[in-house]
Amino acid sequence: MGKSGDGFADLILAALTAAWWLLRTVAAAVWRFPVVTAGVAVVAVAYVQGEVLTLLVVVCVVVAALLTWWLLRPASFARWVAGPVRRRIKRRSVHRSWPGLCERAGLSLMEVDHRAGGRTCWTPGLSRLRWISREHEVLQGQVRILAGQTVDDVSAASERLASACGARACRVMQTSPRSASITWLYGDPLARPVAPRPVPDVPDCAAVEVGQREDGAPWQLRVAGTHLLVVGVTGAGKGSVIWSLLAGLAGGIRSGVVQVWAVDGKAGMELTAGRALFSRFATTVEDGVQLLEDAAAVMTERAARMAGNSRTHQPTVEEPLLLVLVDEVALLTAYTPDRKLRERAEKALAALATQGRAPGVVLVAALQDPRKEVLGPRNLFPTKVAMRLDEKAQVDMVLGEGAREAGAHCHRIPESMPGVAFVKVDGVREPVRVRASYYSDEDIAELAATYAPSTVRPGVLQVVGDMPVTVAGGEAA
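Residues numbered from 1 in each chain as written. Predicted model: local features only at pLDDT ≥ 70, side-chain atom pairs only at ≥ 80, totals over all residues. Heavy atoms only, no water.

A.B. asks: What's the story with the sheet that holds strand β9 (residues 228-231) in this structure? I'm lost.
C.D. replies: Strand pairing within a sheet occurs via backbone hydrogen bonds; the two strands may be parallel or antiparallel. With respect to topology, ten strands assemble into an open sheet ordered β8-β7-β16-β15-β14-β9-β13-β12-β10-β11, the strand pairing being mixed. Whereas interior strands pair on both sides, the edge strands pair on one side only; in this sheet they are β8 (218-221) and β11 (280-282). Pairs of neighbouring strands in the sheet enclose a mean axial angle of 25°, with direction left out of account. With four bridges joining them, strand β14 (residues 383-386) and strand β15 (residues 420-425) adopt antiparallel strand pairing. Directly across from T383, in β15, lies its bridge partner V425. (Pairing = 2+ DSSP bridges. Helix = DSSP H or I, 4+ residues; strand = E, 2+ residues; numbered from the N terminus. Axes fitted to C-alpha atoms, helices over the stretch in contact; angles between N-to-C directions.)

So, in structure tokens, the structure goes:
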């Protein structure tokens, strides 16, 4: 009796286990493949009820409706039907082929079992694979790094992983010492120009929106407490970064919380359209050097008052955030024949770059030639933006060693995509591909007319910190 009772209990347990497995399998199938499951259910019901002819008519009607939808509204069809199907297939393909991808990309490790005489292949684990942007087809997952590997090993194989998965690019970003996020980018939201962003009335100097990232998220630049270096060849779109930054700060410029002192050594050809936004504007080398020295004097005086009282500058109308904008800084530091002017400019730039962040004096410099002899203190800029460059060696000159291996291929940016760049921020290992908003001449004129600082009037003596500045016809003398 005891043995038969135990056998009956085992039978009940086996039946319950099988029922639970069947229920779980059906639920998973319905959740993961709702359309297929519904289709199978409809076919089964129609077969049991003897309505196969009716089912064929319904199928023909559905197919005809889908064909009509595809012919008349291809964009809508792609968004609601073809796109989801294609993304599901891609996601499942990447997940299923991941071990093979790792082997072909050189990420697998072989372990030899000497006792058994066999070998075991280990590959990094892939989890949380999901589409973080369906519109731009951005697929992201988490990778568990194997013992004996580093994130740099995975980054080095990113191009091979992108090619194997049919993606445009593959980005790897470390999330912990043993894990990283891996992102496949199939679409390119940066292929088309980015429209100007809305101008906030009160700017957030810690996160100024200036464009778009390649994953579809907004590109935000920190201004307060940092310095910004923008490098790119002629026509790369440095002006897009500058005007997008000024637009993001325009609300503060109008209210007086932000002041911009600008130097345009090319006779004002680049920045004159927005000169109404500038509290000071220099168009010659001599005036530009003097402007830098005055900014350094404001910084020194402000830092002396802050010493012992505050370590962080809080912008106000009485003591605004001072943004020193220098377009083509090489005209002041390398291409000026006057040696004394060059030395004065280099000294002032070095002082601003080393001491200006805490007192609220921010340096924004743009140039074409990234060589050290052109701009000595280039490593003192915490935020660097590298646009299209002539040579691949220049990528590491601007963004730092290892940037090109991490995916910053600035030398491959096509001429047809001005404004596209890679940005590197101190403390973040991986550069990010971005595109600045495009501002036409009409946009710049409207921006200058709408957001000109109300405190600046021609012929009025303006005080910046303790520095008196006489404004004459839009230029400070």
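A.B. asks: Got a minute to help me understand the packing of aromatic side chains in this structure?
C.D. replies: Note on aromatic pairs: each is described by the distance of the centres and the angle between the planes. The final tally for this structure, using the stated rule, is three aromatic pairs. One cation-aromatic arrangement involves R280 over W261; the distance from NZ or CZ to the ring centre is 4.9 Å. (Phe/Tyr/Trp six-rings, centres within 6.5 Å; stacked < 30°, edge-to-face > 60°. Lys NZ or Arg CZ within 6 Å of the ring centre and 35° of its normal.)

A.B. asks: Looking at this structure, I do not really get the confidence of the model for the chain. What am I missing?
C.D. replies: Close reading of the predicted structure is inappropriate where its pLDDT is low. Across the chain, the average pLDDT comes to 84, with 91% of residues at or above 70. Segment residues 456-477 is flagged for pLDDT under 50; beyond a separation of four residues in sequence, or across chains, it makes 48 contacts in the model. (pLDDT = per-residue confidence, 0-100. Contact = heavy atoms within 4.5 Å.)

A.B. asks: When you look at a nonpolar patch on the surface in this model, what are you seeing that I'm missing?
C.D. replies: Taken together, the side chains of Y47, V48, V52, L53, L56, V57 and V61 define a hydrophobic patch exposed on the protein surface, amounting to about 750 Å² of accessible area. Elements supplying a minimum of two residues to the nonpolar patch: α2 (34-49) and α3 (52-72). Considering every element that reaches the nonpolar patch, the biggest residue donor is α3, with five residues. Along the chain, V48 turns up in helix α2. (Patch = residues over 30% accessible without salt bridge, like charges linked within 9 Å, V, L, I, M, F, W, Y side chains within 5 Å. Areas by Shrake-Rupley, 256 points an atom, 1.4 Å probe, with all protein chains shown as cover. Salt bridge = Lys/Arg side-chain N within 4 Å of Asp/Glu carboxyl O.)

A.B. asks: Could you clarify how one ought to interpret the state of the cysteines in this entry?
C.D. replies: Such a bond, covalent and formed between the sulfur atoms of two cysteines, is termed a disulfide. Counted according to the given criterion, the structure contains zero disulfides. There is no disulfide at C170, and the cysteine sulfur nearest it, in C165, is 7.2 Å away. (Disulfide = S-S within 2.5 Å.)

A.B. asks: Before we go on, may I ask you to explain unusual backbone geometry in this structure?
C.D. replies: Peptide bonds are, in most cases, trans, and in most cases residues other than glycine have a negative phi. Located in the positive-phi region is R128, a residue other than glycine, with phi close to 55°. Looking at the secondary structure, you find R128 in strand β3 (residues 125-133).

A.B. asks: Where do I start with the nonpolar core in this structure?
C.D. replies: Nonpolar side chains in soluble globular proteins tend to be buried together. Of all hydrophobic cores here, the largest spans 45 residues; its most connected members are V324, L352 and L399. Looking at this core, the element that brings in the most residues is helix α8 (residues 285-306), giving eight residues. The next biggest cluster of nonpolar side chains, apart from the first, holds 44 residues, and it includes W243, L249, L277 and A448. (Core = buried A, V, L, I, M, F, W, Y, C linked by side-chain atoms within 4.5 Å. Buried < 20%, exposed > 50% of the residue type's maximum accessible area, 1.4 Å probe, protein only.)

A.B. asks: I'm lost on the environment of Q368 in this one. Help?
C.D. replies: Mapped onto the fold, Q368 is located in the loop between β13 (361-367) and β14. On the basis of relative accessible area, Q368 is assigned to the partly exposed category, the value being 32%. Once the C-alpha coordinates of Q368 and R73 are considered, the two residues, 295 residues apart in sequence, prove to be 46 Å apart. With residues near it in sequence (within four places) discarded, Q368 still touches V231, G232, T234, K238 and E328.

A.B. asks: Even after reading the chapter, I still don't get the sheet that holds strand β6 (residues 179-185), so can you show me in this structure?
C.D. replies: With antiparallel pairing, the four strands of this open sheet are ordered in space as β3-β4-β6-β5. Each edge of the sheet is formed by a strand with only one pairing partner; in this case those strands are β3 and β5 (169-176). Averaged over all pairs of adjacent strands, the angle between their axes in this sheet comes to 20°, without regard to strand direction. Strand direction decides the pairing type here: β3 and strand β4 (residues 138-144), joined by six bridges, are antiparallel. Note that in β4 the partner of R130 across the bridge is Q140. Packed onto the sheet, helix α4 (residues 74-105) meets β3, β4 and β6 and runs at close to 165° relative to β3.

A.B. asks: I would appreciate a short explanation of the pairing of strand β10 (residues 258-264) in the present structure.
C.D. replies: A regular strand carries its side chains on alternate faces of the sheet. By the criterion of burial, β10 is predominantly enclosed, with seven of the seven residues buried. Going residue by residue along β10, you find V258, V260, A262 and D264 tucked away on one face and Q259, W261 and V263 tucked away on the opposite face as well. Sheet analysis places β10 next to strand β12 (residues 321-327), joined by seven bridges and oriented parallel. Bridge assignment links D264 to a residue of β12, and that residue is D327.

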